[in-house]
Amino acid sequence: MSERVRRNPRTEAIWTQLYQALAELSSSTGRRELDIVDLGGGSGVFAVPLARIGHRVTVVDPSPNALATLARRAADAGVGVQITGLQGDAAGLVAVAGQASADVVVCHGVLEVVDDPPAAVEGLAACLRPGGVASVVVAQRYAAVLAKALAGHLADARRLLDDPDGRWGASDPLPRRFDEPGLAALLTGGGLEVLDVHGVRFLTDLIAGAVVDDPADAAALADLEAAAVAHPAFRAVAAALHVVARKPAA
Ligand SMILES: C[S@@+](CC[C@H](N)C(=O)[O-])C[C@H]1O[C@@H](n2cnc3c(N)ncnc32)[C@H](O)[C@@H]1O
């Protein structure tokens, strides 16, 4: 009997792009097992599934608690030997993970919180081998404007709308947000070539989780989400942007 797998509409589109990038890299390098660095990989939400499909993953994260959870999850999943957790942060990534050590750098939900995003991108580019790819997910500014306004936080919504740099350089309690041109400029400024940009979590972050308790509803939402963000109007207000970028081959 085939097992019915519950789809996760929040992350499915990210995985689709990531799997495609991994397949293309495996094909171009001739190596099925790739070396992946997961910067700010936390407790292994992406690292563990990546190890389960055969890759070697180094998670670099400043949080000892997250790394302890990662070690437990990796052991439970039977992939403890394929995952290395290292304490470190974006600023020290090359020193911790090594120059040109990775085929892929995953950087999901991290550029919002680092001290210096351009330096972080330079660091992740330095970690990549020539031809390697970065998978970058960041919160999108226009979705945050919508979310803040819907929650009644109108001053925060206005500030996010008016400030093209989000909180950059300011002693501001709002997490940093990005728009598509700003993110593309950040990545190309760090020496990466943008291959693909997708909007993700448009509907999933707007509707209540209870609406998709049933696996069939979750599947319908994943399909609707994928169809909606293909439209530029909806992509611009997706909660997050997912970019796949490449370090040019030497
Ligand atoms: C929102 S979580 C994302 C976790 C994981 N990447 C994911 O997508 O599930 C942000 C992660 O960034 C880590 N982090 C915070 N500051 C960081 C820094 N300066 N450099 C690297 N990682 C950082 C946190 O410890 C946390 O694990």
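All figures in this text were calculated on a predicted structure; none of them were measured in a lab.

A. Geometry of helix α5 (residues 117–127). α5 sits mainly inside the fold: eight of its eleven residues count as buried. All of the buried residues in α5 are P117, A120, V121, G123, L124, A125, A126 and C127.

B. How the structure looks around the pairing of strand β3 (residues 83–87). Across five bridges, strand β2 (residues 56–61) lies against β3 in parallel orientation. Bridge pairing in β3 places T58 opposite T84. As for the winding sense of the linkage, the β-α-β connection from β2 through helix α3 (residues 64–76) to β3 is right-handed.

C. Highlighting a negative patch on the surface. Together, D89, D115, D116 and E122 give the surface a local cluster of negative charge. Secondary-structure assignment places D115 in the loop between β4 (102–108) and α5.

D. Molecular detail of the sheet that holds β3. Taken in spatial order, the seven strands of this open sheet run β3-β2-β1-β4-β5-β7-β6, and their pairing is mixed. Two strands in the sheet have a free side with no partner beyond their single neighbour: β3 and β6 (193–200). Here the average twist between neighbouring strands, direction ignored, is 15 degrees. The strands that helix α8 (residues 180–189) touches are β5 (128–139), β6 and β7 (240–246); relative to β7, the one it contacts most, it runs at about 30 degrees.

E. The UniProt feature "domain: Methyltransferase type" (unreviewed entry) in the chain, seen in detail. Following the UniProt record, the feature "domain: Methyltransferase type" (unreviewed entry) maps to residues 37–134 here. Between the C-alpha atoms that bound residues 37–134 the distance is 9 Å, and the span itself is 36% helix and 29% strand.

F. Seen up close, the packing of helix α6 (residues 141–150) against helix α7 (residues 154–162). Remark: α6 packs on α7, axes separated minimally by 8 Å, with the N-to-C direction vectors making an angle of 165 degrees. As far as their axial angle goes, α7 and α6 are roughly antiparallel. Of the two possible hands of crossing, α6 and α7 adopt the one that is left-handed. Facing α6, whose interface residues are R141, A144, V145, K148 and A149, α7 presents L154, D156, A157, L160 and L161. Grouping the amino acids of the contact of α6 with α7 by side-chain chemistry returns seven nonpolar, no polar and three charged.

G. Spatial organisation of the side chain of D61. As for its position among the elements, D61 is in strand β2. It turns out D61 is buried and unbridged, and the closest side chain with the opposite charge, R73, is 11 Å from it. Side-chain polar atoms of D61 contact the backbone nitrogen of S63, separated by 2.9 Å. The contacts of D61, once residues within four sequence positions are left out, are G40, G41, G42, A66, L67, L86, Q87 and G88.

What counts, and at which threshold
Residues numbered from 1 in each chain as written. Predicted model: local features only at pLDDT ≥ 70, side-chain atom pairs only at ≥ 80, totals over all residues. Heavy atoms only, no water. Buried < 20%, exposed > 50% of the residue type's maximum accessible area, 1.4 Å probe, protein only. Helix = DSSP H or I, 4+ residues; strand = E, 2+ residues; numbered from the N terminus. Pairing = 2+ DSSP bridges. Right-handed = clockwise from strand over helix to strand, strands pointing away. Patch = residues over 30% accessible without salt bridge, like charges linked within 9 Å, V, L, I, M, F, W, Y side chains within 5 Å. Areas by Shrake-Rupley, 256 points an atom, 1.4 Å probe, with all protein chains shown as cover. Salt bridge = Lys/Arg side-chain N within 4 Å of Asp/Glu carboxyl O. Lys, Arg positive; Asp, Glu negative; His and termini not counted. Charge placed at Lys NZ, Arg CZ, Asp CG, Glu CD. Axes fitted to C-alpha atoms, helices over the stretch in contact; angles between N-to-C directions. Contact = heavy atoms within 4.5 Å. UniProt positions renumbered as here; feature names shortened; annotations may be inferred. Parallel < 35°, antiparallel > 145°, perpendicular 65-115°, else oblique. Left-handed = near helix turned anticlockwise from the far one by under 90°. Nonpolar A, V, L, I, M, F, W, Y, C, P; charged D, E, K, R; others polar. Polar contact = N/O pair within 3.5 Å; in protein donor to acceptor, adjacent residues only side chain to side chain.

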